[in-house]
Amino acid sequence: MSFTDLTPPEAARWAARSGLPLVRERHAGVAATADHIHSVVSVLRELDFGDTPPSAAYRAGWEQHDAAA
């Protein structure tokens, strides 16, 4: 899936569509923040977790904290 940078007018349109109307001064900042979040999530989507169990399978307190082990 390709991605192009979100423009300030698009950010304003998506925010308004979500019920969060923005004042004009915030359009560029919101667009930049959305672009940054998208770039971080894109990197996370590329990670190969292989056989890593889901977090629901993790049980706190079961790990061994002995450095010699």
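Attention in this report is confined to the structure presented alongside it. (Residues numbered from 1 in each chain as written. Predicted model: local features only at pLDDT ≥ 70, side-chain atom pairs only at ≥ 80, totals over all residues. Heavy atoms only, no water.)

Within the protein, the secondary structure is distributed over two helices and zero strands. Looking at the protein as a whole, 9% of its 69 residues qualify as buried. Within the structure as shown, the protein displays about 6200 Å² of accessible surface, and the carbon and sulfur contribution to it stands at 59%. (Helix = DSSP H or I, 4+ residues; strand = E, 2+ residues; numbered from the N terminus. Buried < 20%, exposed > 50% of the residue type's maximum accessible area, 1.4 Å probe, protein only. Areas by Shrake-Rupley, 256 points an atom, 1.4 Å probe, with all protein chains shown as cover.)

So, on to the packing of helix α1 (residues 8-17) against helix α2 (residues 27-46). The geometry of α1 relative to α2 is characterised by a closest axis approach of 8 Å and an angle of 90° between their N-to-C directions. Considered as vectors, α1 and α2 are oriented roughly perpendicular to each other. Here α1 contributes P8, A11 and A12 to the contact with α2, which in turn contributes H27, A28, V30 and A31. Class assignment of the residues belonging to the contact of α1 with α2 gives a composition of six nonpolar, one polar and no charged. (Axes fitted to C-alpha atoms, helices over the stretch in contact; angles between N-to-C directions. Parallel < 35°, antiparallel > 145°, perpendicular 65-115°, else oblique. Contact = heavy atoms within 4.5 Å. Nonpolar A, V, L, I, M, F, W, Y, C, P; charged D, E, K, R; others polar.)

Let us look at α1. Residues of α1 that are buried: A11, A12 and A15. When α1 is viewed along its axis, its buried side chains cluster within an angular range of 100° and face the same direction. Exposed residues lying more than 90 degrees from the buried face of α1 are P9 and R17. Elements in contact with the buried residues of α1: α2. Just past α1, the residue G19 takes up positive phi, approximately 90°. (Arc of directions from axis to C-beta.)

On to the side chain of H27, then. With respect to the helices, strands and loops of the structure, H27 is situated in helix α2. Assessed through its relative accessible area of 13%, H27 is described here as buried.

The next point concerns α2. Taking 1.5 Å per residue as the helical rise, α2 with its 20 residues ought to reach 28 Å, and the 29 Å between its terminal C-alpha atoms agrees with that figure. Elements in contact with the buried residues of α2: α1. (Expected span 1.5 Å × (residues − 1).)

Together, V40, L44, L47 and F49 make up a nonpolar patch on the protein surface, roughly 370 Å² of accessible area in all. Inspection of the secondary structure assignment puts L44 in helix α2. Looking at L44, the relative accessible area reads 48%, which means it is partly exposed. (Patch = residues over 30% accessible without salt bridge, like charges linked within 9 Å, V, L, I, M, F, W, Y side chains within 5 Å. Salt bridge = Lys/Arg side-chain N within 4 Å of Asp/Glu carboxyl O.)

Read these as layout, nothing more, since geometry by itself doesn't imply function.
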